[in-house]
Amino acid sequence: MTEHVGPVDKAVNKEMVALLQGAWRSRAIHVATELGLPDLLAEGERTVDELAAATDTHAPTLGRLLRALTTFGVFRRLPDGRTYAQSPLSAVLVSTPGNAESTDARFMAAGWHWAAWGELLHTVRTGTSSFEVANDGVSFWELTKTDPDAKQRFNAAMSAVSLEESADIARAYDFSSARHVVDVAGGLGSLLAAILTAHPAVRGTLLERPEIVPLARELLGKADVEGRYETVAGDFFEEVPAGADVYTIKRALHDWDDATIVRILRRIREAMRPDSVLLVIEGVVDEDSDQEALFRGLLLTVLVGGQDRPESDYRALAEEAGFTIRRGIPVGDGGLRIIEAVPMA
Ligand SMILES: C[S@@+](CC[C@H](N)C(=O)[O-])C[C@H]1O[C@@H](n2cnc3c(N)ncnc32)[C@H](O)[C@@H]1O
C-alpha cells in the first residue's frame, strides 16, 4: 500500500537525497584539497581560469566543482561569478604543518582510502577490513610501508592528531616518579616527546616498525630531550623492551581484533617488572558517542579490521592478558582515556 506523500514527507525525502549525495560532496572536497585550491586561495582571490591554469584542470568543470562546493560554504563565489575566494570552511583545509583537518583531508582523499569505503558492504558482511578487497590484496599496513605517498599521508594524519593530544596526556598523568617510560607503537614520537619535555628526569624508549623509526627520530631530534631517548625498530608481536617503570600504548590497540589485542598486551606484560605500570590510551566509544567518533570507529574496521571500543572492553581484554586495572583517567573532553593497569600478582 502506498502512503500519501505530503509536504512534510517531501522535506524528509529532500533530506535523504542530500544524505545520499553526501559522498559526492566529500569527494568534491577531497579533490579540491588534492588540487591545492585552499592553499592557492589563501594567497588571494583567483578566477576559475587562473585556478585551472595553476592546477592543470579543465576550467569549465573546475568552475562547476567550485560552484557546487560554495553551496555548502566551501569557498566563496564573488559577484562577478568567475572569481573565487577563501571561506572560513575552506580555510580549515590550508596545508599548514600539523593542521589535523588538512592532513586528514589528504588521508581521506587517497584513492585507496576511498576505494576501501567503497567496499563497506564487505566489512559489514564479514566484520573484517575491506582494504585488501578494494586494493588488489594489499593490506593497509603493507601499503603504508611500501608506498612513499601512502606512508606520508598516513604518518602526517597520525602525527597531527597525536601532537594535539600528547601534551594533554603528559599533563593528565603524573609521570614524574617514573625513571624510564617505553612507548609501544609510539608512532612519530609526539607522546614520548611530550612526556620527556614535561618531566626532565625521565628517559624514554620508543618502539615502532622499522620504517617509522627514522620519522620518530626526526621529531624527537627537534624536541628539547637530547640524550634522554632511544628508538627501537621492532615488532610488538615479537618483543617489547624490558624493565621500564611505565609502558604506554596509545591508539594502537584499536587497530586489531580482540584476540590480537590480548597477544600484544601479553608481550608487553612479559617485558614488565612486577611493579611496572601499563597505560592503555585509547579513544573510547559507546552507543551514545557522537557521529564523528562512531564513524571513525567504522573507519578502523574498514582500513585495518580494528574498532574503537567502550572502556569496559579494554579493561576486560587487559584482564585476560594478565593485568589488574587500577583506574581510568579521562583526557580532555573528546573521549580519550588512560586506563592504568598493573601485572596481576
Ligand atoms: C594508529 S598508530 C598510533 C601511533 C601512536 N601511538 C600515536 O598515537 O600517534 C598505530 C601505530 O602502530 C604501529 N604498529 C603497527 N604494527 C606494529 C608492530 N607490529 N610493531 C610495532 N608497532 C606497530 C604503526 O606503525 C603505527 O605507528
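Throughout what follows, the structure given in this document is the object of discussion. (Residues numbered from 1 in each chain as written. Predicted model: local features only at pLDDT ≥ 70, side-chain atom pairs only at ≥ 80, totals over all residues. Heavy atoms only, no water.)

**Concerning unusual backbone geometry**
- Not every positive phi belongs to a glycine, and D56 is a case in point at roughly 55°.
- Tracing the backbone through its elements, the reader meets D56 in the loop between helix 4 (48–55) and helix 5 (59–70).
- Residue D136 is not a glycine yet carries a positive backbone phi of 50°.
- Note on placement: D136 falls in the loop between helix 10 (131–134) and helix 11 (140–146).
- For D136, a relative accessible area of 77% gives the class exposed. (Helix = DSSP H or I, 4+ residues; strand = E, 2+ residues; numbered from the N terminus. Buried < 20%, exposed > 50% of the residue type's maximum accessible area, 1.4 Å probe, protein only.)

**Concerning the packing of aromatic side chains**
- Across all of its chains, the model carries 14 aromatic pairs by this definition.
- With 6.1 Å between their ring centres and 55° between their planes, W112 and F131 make a pair best called tilted. Of this pair, W112 sits in helix 8 (residues 111–118) while F131 sits in helix 10; the two residues are 19 residues apart in sequence, bridging distant segments of the chain.
- With relative accessibility at 10%, the residue W112 sits in the buried group.
- By relative accessible area, F131 is classed as buried at 0%.
- Judged by centre distance (5.2 Å) and plane angle (90°), the ring pair of F237 and W256 falls under edge-to-face. Of this pair, F237 sits in the loop between strand 6 (229–233) and strand 7 (246–250) while W256 sits in the loop between strand 7 and helix 15 (258–271); the two residues are 19 residues apart in sequence, bridging distant segments of the chain.
- Aromatic rings pair up to connect F107, W112, F131, F140, W141, F154, F236, F237 and W256 into one cluster.
- R25 extends its terminal NZ or CZ atom over the ring of F72, reaching a point 5.6 Å from the ring centre. (Phe/Tyr/Trp six-rings, centres within 6.5 Å; stacked < 30°, edge-to-face > 60°. Lys NZ or Arg CZ within 6 Å of the ring centre and 35° of its normal.)

**Overview of the sheet that holds strand 2 (residues 76–77)**
- Strand order in the open sheet formed by three strands is 1-3-2, with antiparallel pairing between adjacent strands. A single partner strand is all that each edge strand has here, and the edge strands are strand 1 (46–47) and strand 2.
- Note: strand 2 against strand 3 (residues 83–85), two bridges, orientation antiparallel. Bridging from a neighbouring strand, R76 pairs with A85 of strand 3.
- On top of the sheet, helix 5 reaches strand 2 and strand 3; it is set at about 45° to strand 3, its chief contact. (Pairing = 2+ DSSP bridges. Contact = heavy atoms within 4.5 Å. Axes fitted to C-alpha atoms, helices over the stretch in contact; angles between N-to-C directions.)

No statement about biological role is implied by the geometric values presented.
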